[in-house]
Amino acid sequence: MLRTSRYTIMTFVRLETISGELSDLRQALSRSGLPTEDIAEPGRTFFRAVGPDDTTVGYSGIEQCGRDTLLRSVVVLPDHRGKSLGKMIVVETLRAVPVAGNVYLATTTAAPFFAKLGFQVVDRAEVPPAILSTRQLSGICPASATIMKLTKPPT
């Protein structure tokens, strides 16, 4: 929900599972400077974020690593930025994550954004081997990337 000085606007996104081979996903990630090298490999789940008028507003993805999950690139398309859709996409993506473990991500630019959503910076030494061995963390993202963790509450 977005609030303006006079109106409250209901805004939502829903996620549709898509193939990592979708050219629109690859283009959106590439145009935002996000990695695409491994998106078509098995073990990844990608989503198209669809707005209330059935238009694509962004993309996200997850990679299951044992009990834990790697949150993959999250992108809001340029025409839809500045509307809190990034937060909505992350929240909806996290709903698709199995409850068992924690969620990790690597970022070079968005640590403040993810911190507002409850992610905390962690040292690489604290990251489970299954997460560290993903292509994202073992070679695609620079060693200088910030690693963040969201601890999932027990059920």
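This section reports on the structure supplied with the text.

Cut-offs and rules
- Sequence order sets the numbering: in each chain, residues are counted from 1 along the sequence as written.
- Local features in this predicted model are restricted to residues whose pLDDT is 70 or higher, and side-chain atom pairs enter the listing and the counts only when it is 80 or higher, whereas totals over whole chains, interfaces and linings include all residues.
- For side-chain calculations, the full set of non-hydrogen atoms in the structure is used, while hydrogens and water are omitted.
- Working definition: helices are DSSP H or I runs of at least four residues, strands are E runs of at least two. Numbering for both runs from the N terminus.
- In this treatment the radius of gyration is a C-alpha quantity, and the globule benchmark scales as 2.2 Å times the residue count to the 0.38 power.
- Classification of residues uses two cut-offs on accessible area relative to the type maximum, computed with a 1.4 Å probe and protein chains only: under 20% is buried, over 50% is exposed, and between them is partly exposed.
- Contacts are assigned to residue pairs with any non-hydrogen atoms lying within 4.5 Å of each other.
- Pairing between strands is defined by DSSP: at least two bridges between them are needed.
- Working definition: a ring pair exists when centres of Phe, Tyr or Trp rings (six-membered ring for Trp) sit within 6.5 Å. Plane angles under 30 degrees give stacked, over 60 give edge-to-face, the rest tilted.

Here the focus is the overall build of the chain. Tallying secondary structure elements over the chain gives five helices and ten strands in all. Against the globule reference of 15 Å for 155 residues, the chain gives a C-alpha radius of gyration of 15 Å, in line with a compact fold. By principal-axis analysis of the C-alpha atoms, the chain measures approximately 50 × 35 × 30 Å. The buried share of the chain, reckoned over its 155 residues, is 45%.

This part is about the environment of Thr56. With respect to the secondary-structure elements, Thr56 resides in strand β5 (residues 56-65). Put simply, Thr56 and Lys87 are 31 residues apart on the chain and 15 Å apart in space, counted from C-alpha to C-alpha. Thr56 has contacts with Arg48, Ala49, Leu77 and His80, leaving out every residue within four places of it along the chain.

All right, on to the pairing of strand β4 (residues 44-50) then. Extensive coverage of β4 is indicated by the burial of six of its seven residues. Note that strand β3 (residues 14-18) and β4 share five bridges and pair antiparallel. Pairing of Ile18 across the sheet is with Phe46, part of β4. Direction of pairing for β4 relative to β5: antiparallel, over a ladder of seven bridges. Directly across from Val50, in β5, lies its bridge partner Thr56. Counted along the chain from β4 to the antiparallel partner β5, the turn is five residues long, and its residue Asp54 has a positive phi close to 65°.

Another point: the environment of Cys65. Mapped onto the elements, Cys65 comes out in strand β5. On a C-alpha basis, the gap between Cys65 and Gly43 in space is 8.7 Å, while along the polypeptide they are 22 residues apart. When near neighbours in sequence (up to four residues on either side) are disregarded, Cys65 contacts Leu70, Ala130, Ile131 and Thr134.

This part is about the packing of aromatic side chains. Aromatic rings in a pair are described by how distant their centres are and how their planes are angled relative to each other. Inspection of the entire model under this criterion finds two aromatic pairs. Look at Phe113 and Phe114: their rings are 5.0 Å apart centre to centre, the planes differ by 80°, and that puts the pair in the edge-to-face class. According to the relative accessible area criterion, Phe114 is buried, its value standing at 8%. The interplanar angle of 80° and the centroid separation of 5.6 Å between the aromatic rings of Phe114 and Phe119 together place this pair among those described as edge-to-face. Assigned by exposure class, Phe114 and Phe119 land together as buried.

Any functional reading would require information beyond the geometric quantities listed.
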